[in-house]
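# Chains, contacts and geometry: an overview
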Amino acid sequence: MTDNIDPDVAQLSRDVVKDLAPNELPLFGAVSRAYAKNPEQAEKVIKSKDEVLGFGLEVGLLLTPAVIAVAEAVVRFLGAELLKLGEQAAGTAVDTTVHNVLSHTSEAKQTEKARAGATASLTSAQLAEVRKVAINRAISLHLPRDQAERLADAMVARLAVAPG
Amino acid sequence: MTSSHVPLDKTLLRPSLDNQPKPRLNPFAFPTDTDFRLLLHVAMIISSGLFIYNWIYLGLPQAQSDISIYSRCQHMAQIAYPSDSLASSEFFERCRAPVEHVKALWMLGGVASVLVLAVALYLIAPPIKLRRQGLVPIASDDAPEAVIELRGLCVKAGLRSEPRFVWNPLNGSPVGLAFGRRGSYYVALGGGLMVRSYVDPRGFDAVVLHELAHLANRDVDKTYLAMSLWQAFVVLALVPLLVTIVLQPTPGSKFAAAGLLIWRVAVIALIVYLVRNAVLRSRETYADLRAALWEGSSEALSRVLGSVPDLPNTGIHRLLAYWRVHPSRAARQRALSDTRPLFRLGFWDALGTGLAAGIAYPSLVTLILLVFTGVQSNLWSLTTGELAGFVTSIALGLLIAGVVGLGVWRATFAELVDGKRAISVAALAGGLAIGLGLGDWIAFEGGFNAVPSNPGYGLLFGAVYVLLLGLLALGLFGLLEWFAKSSGRWLWRALERGSVPNPLPIVLTISLVLSLWLGATLQARNLFEIGASLGVSPLLYPVLAGAPLLQAVFGPLGLVALACLWAYPLAAELGRTSVKGFPAWPFLDQPADLNLTAPPTHMRVARLASIAVGAAAAYVVVITALRLFLRMIEVAPQMTDLEVLLLFLTQVGLAVIVQGCAATVTAVKADDHPVAEATLVAFWAGILMAVEQFVLNVAFGGHADPRAVWPIFSLTVISGGILAIPLAWLTARMTRRPTGP
């Protein structure tokens, strides 16, 4: 257990939350810290139904935990994929590459990456795979199909920005 | 709430102008439905628990040795008193008493264990919930603005001590939940709700205030106690009961036990569960109202409620509503603008109460009989069995008074303000009577009720049974009608004094009167059921049913109940004080307009007393003339026992006739409460006439026998008082006066 989630996961999920549920951004820090403390428990909470008592609103969803969980799966997939392709030799380098893939999509890092000239991008086939991974993970969290697809699309959109 | 200054004297408050929104009545001035329903829930669990543990006892090895003790005691009793069945029976009672006491202790212990487990579950529920749901305190770093807002809301709610706000940031639900135990409360906020604090602050406030309102309304403990009771009941009562059925030695006994118990278990479990859910539902509306009051507007809350998913209010969904732990969205929104539905009580509430009482009655009687086995009682000439019935009736009278009586009390307040009936007393009386009748058969003991196998006898049995229920319903109708009318006087007095009415004397009064009526009718039903099961001739059914009725009515409790009929409305007249200005407690809003009508007239006690004294004076003349006449014809000094009895009955009969005349005269002149005034006159005149009878008897050479005091007094006062009721009612109807107390 750690206090914070992986920075790459945090970056990707924050960007997606910003797109899909900007209202949740003020709570992103608290949610991601809670997620990092116990991811297994987090998954249970995301899947669980609401308490029967309470105010009476029986449905509702905070998207952020699900986004983090899906981003985690996507980042894991990307790492494995890049390793498989043999583009980099060592695990640490793969991490860097994943970071590159993510950071070139982040507006804040655009200038820095452009200056460094280090770019990495995903092929259409890889993006399609990413979408599939994201949808599957979202559905495994009991998200409705349409919401899972929207989440996956937002994630792919973040990863799909072509290198400069 | 409001505190304007509209003069109240000689007027009745009635906010009107039909085309304007009515000001909301203040439900917080009265005990809530949550309290009523929790009371029912507890009563159901205790009574069902008593039977279940009685049944479980029968399956214990101890029960087998008890049977041999019974046989030995019976044998010894026959040997000790071969020709005296009464002494033999008393010996048998004393002999088996230790066994029955152990059984009673076992039953009480079983119920106590259910209650102890319920309390334990209630106490450990908060830490379990915190851990299971991963709830942690909301830190300032997590959502600084929300934390500041939460503190502000606690100040707005005026809570003495702030609850601890907790959340699980991963839980996306848009809800709050107040929970905890006395002295240690929490409000859990869903992550979705915290998001609302940024995008819809007023909606966030509305939901949080609703949760804080649960704390202010003190319903959190009731809620979690209700839930714990249900859980404990399932674990320590229903499950062991089912185990005893499974463990029956033979398939035949398994089948018999299942046939006897399974459907009853299912029905009772269903009722307990539905009552539990009713507890949970009723609190929500009160919390909504309190939250809207704090907020000063119900707009935000109503908007948030608009996002609550709702089921259609038709067909099966109407039934499913009883299964839910929240009222429908529409009902909650309606209650925000009109609180009058909270002042109504209907057939189903009464039926539920009647069922709870009906199911509880046999178990409680059994318990008391077991506890007092071997104890010979001679209180008021009642047997232990009769006393057990009356003690149980007092408990059930309190239960019914707490639920239906207080419901009528609240509805009377709405009627006083709106000028129209908020409830149907006939529906309530019918619901109670049907519930009490059904409860007798649904109760586990109902499995041992015997119906005559002969179709003709069975038909007669059914007819007497239904007749008794009809009589029960009729009496309940009269009592509730009387109570509603008399309560109007008390509530009017509360308006005059500007103080919130205290319900305790009300509950005690109605429970006392109800206890007597329930005691008499249920005792009658039991006796006739026992007679039927013992094969007594059906011709004796009416006698078996009628004897306990007469015994109860003409006993000390009958006298007290009769006195309540006039003392309760009369007491409202005492200590009259009128406060200038409009009282603050009746409404949640400032009434736009007051359409004022005349209040109920006061009871003119001096006039009533003079009628009673006049009647007694007339009576003493008549009775003196009678005694002088008897002396002249020289009958009195050498009267036989029969003649003494005839003279006694004649004197009582004349007294009753004079009381009836006085009651009729009173009712003709009475304004708002003919029955109460007529009963008062008959009662007071009856007391005077009883004294006159006694004194004249001594004066004409009779003995001053103290044993004669009670028969003279009870027969005269009670007979006249009872006769006064229908006479006053009829007189009031014929002279087109309102038929009130």
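Heads up: these notes are all about the structure in this document. (Residues numbered from 1 in each chain as written. Chains lettered and ligands numbered in written order. Predicted model: local features only at pLDDT ≥ 70, side-chain atom pairs only at ≥ 80, totals over all residues. Heavy atoms only, no water.)

### Quick look at the nonpolar core
The condition that has to hold: Grouping buried Ala, Val, Leu, Ile, Met, Phe, Trp, Tyr and Cys residues that are joined through side-chain atoms within 4.5 Å yields what is termed a nonpolar core. Each residue is placed in one exposure class: buried if its accessible area under a 1.4 Å probe, protein chains only, is under 20% of its type's maximum, exposed if it is over 50%, and partly exposed if it falls in between. Helix and strand labels come from DSSP, where a helix needs a run of H or I of at least four residues and a strand needs a run of E of at least two; each type is numbered from the N terminus.
Among the nonpolar cores identified, the biggest contains 153 residues, and B:Leu261, B:Val404 and B:Trp409 are the most heavily contacted of them. The element that contributes the greatest number of residues to this core is helix α15 (residues 455–497) of chain B, accounting for 18 residues.

### Observations regarding the pairing of strand β3 (residues 176–181) of chain B
Residues and elements named next belong to chain B. Threshold: The pairing criterion is simple: DSSP has to find at least two bridges between the two strands.
With 5 of 6 residues buried, β3 lies mostly within the body of the structure. Pairing of β3 with strand β4 (residues 184–190) involves 6 bridges; the strand directions are antiparallel. Counted as the bridge partner of Gly180 is Tyr185 from β4. Counting the residues that bridge the hairpin from β3 to β4 gives 2 residues, and of these Gly183 lies at a positive phi of roughly 85°.

### Re the interface of chain B and chain A
The test is simple: A contact between two residues is defined here by any heavy atoms of the two lying within 4.5 Å. Take the accessible area each of two parts loses on contact, using a 1.4 Å probe, and add the two losses: that sum is the buried area. One side-chain nitrogen of Lys or Arg within 4 Å of one carboxyl oxygen of Asp or Glu is enough to make a salt bridge.
Counting from both sides, the interface comprises 44 residues of chain B and, opposite them, 26 residues of chain A. In total, chain B and chain A occlude about 2700 Å² of area from one another, counting both sides; carbon and sulfur atoms represent 69% of this. It is B:Leu170, B:Val195 and B:His326 that lose the most area in chain B upon contact with chain A, and together they represent 23% of the buried surface on that side. Scanning the region where chain B abuts chain A turns up 1 salt bridge.

### Quick notes on helix α7 (residues 220–246) of chain B
Note the following rule: By definition here, a helix of n residues has an expected span of 1.5 Å times n minus one. The angle between axes fitted to the seven residues ending at a residue and the seven residues starting there is what we call the bend at that residue.
The terminal C-alpha atoms of α7(B) lie 38 Å apart, and with 27 residues this matches the ideal 39 Å at 1.5 Å per residue to within 8%. The axis of α7(B) is deflected most strongly, by about 35°, at B:Val234.

### Examining helix α11 (residues 329–337) of chain B
All names here are of chain B. Defined as follows: Note: the arc covers the axis-to-C-beta directions of the helix.
Listing the buried residues of α11 in full gives Arg332, Ala335 and Leu336. For α11, the angular spread of the buried residues around the axis is 105°, confining them to a single face. Counted as exposed and oriented over 90 degrees from the buried face of α11: Arg334 and Ser337. As for α11, its buried residues are in contact with α6 (201–216), α8 (251–295) and α9 (299–305).

### Quick look at the pattern of salt bridges
All names here are of chain B. All told, the structure shown has 23 salt bridges over all chains when counted by the stated rule. A salt bridge links Glu100 to Arg96, with the shortest nitrogen-to-oxygen separation between them at 2.3 Å. Taken together, the residues span about one helical turn, with Glu100 and Arg96 both in helix α3 (residues 85–132) at a distance of 4 residues. For Arg96, a relative accessible area of 16% gives the class buried. For Glu481, the salt bridge identified is with Lys485, shortest N-O distance 3.6 Å.

### Structural notes on the packing of α15(B) against helix α16 (residues 504–533) of chain B
All names here are of chain B. Using the following cut-off: Convention adopted: a line fitted to C-alpha atoms gives each axis, helices being fitted over their contacting stretch, and angles between N-to-C directions are expressed from 0 to 180 degrees. The labels follow the angle: roughly parallel below 35 degrees, roughly antiparallel above 145, roughly perpendicular from 65 to 115, and oblique for the rest. Lys, Arg, Asp and Glu make up the charged group, whereas Ala, Val, Leu, Ile, Met, Phe, Trp, Tyr, Cys and Pro make up the nonpolar group; the residues left over, Gly among them, are polar.
Relative orientation of the contacting elements α15 and α16 amounts to 175°, with a least axis distance of 11 Å. Compared by their axis directions, α15 and α16 come out roughly antiparallel. Its residues assigned to classes, the contact of α15 with α16 shows 20 nonpolar, 3 polar and 2 charged.

### Observations concerning the side chain of B:Thr339
Residue and element names in this part refer to chain B. This is how it is decided: Polar contact criterion, stated in full: a pair of N or O atoms within 3.5 Å, where within protein one must be able to donate a hydrogen and the other to accept it, and residues adjacent in sequence count only if both atoms are side-chain atoms.
You can see Thr339 is positioned in the loop between α11 and α12 (347–371). With a relative accessible area of 0%, Thr339 lands in the buried category. Separated by 2.7 Å, the side chain of Thr339 and the backbone oxygen of Leu25 make a polar contact. Ignoring any residue separated from it by four or fewer positions in sequence, one finds Thr339 in contact with Arg24, Leu25, Pro27, Leu289 and Leu588.

### Some words on the sheet that holds β4(B)
Residues and elements named next belong to chain B. Spatially, the 4 strands line up as an open sheet ordered β1-β2-β4-β3, and their pairing is mixed. Every other strand in the sheet has two partners, leaving β1 (136–137) and β3 as the edge strands with one partner each. The strands touched by α7 within the sheet are β3 and β4, with β3 carrying the most contacts at an inclination of about 80°.

### Some remarks on the packing of α6(B) against α8(B)
Residue and element names in this part refer to chain B. Note the cut-off: Two helices crossing with the near one rotated counterclockwise from the far one by less than a right angle form a left-handed crossing, whereas a clockwise rotation gives a right-handed crossing.
Running from N to C, α6 and α8 point in directions that differ by 120°, and their axes come no closer than 8 Å. It follows from the interaxial angle that α6 and α8 lie oblique. Note on packing geometry: the crossing formed by α6 with α8 is right-handed. Residues Arg202, Asp205, Ala206, Leu209, His210, Leu212, Ala213, His214 and Ala216 of α6 pack against Arg283, Glu284, Ala287, Asp288, Arg290, Ala291, Trp294 and Glu295 of α8.

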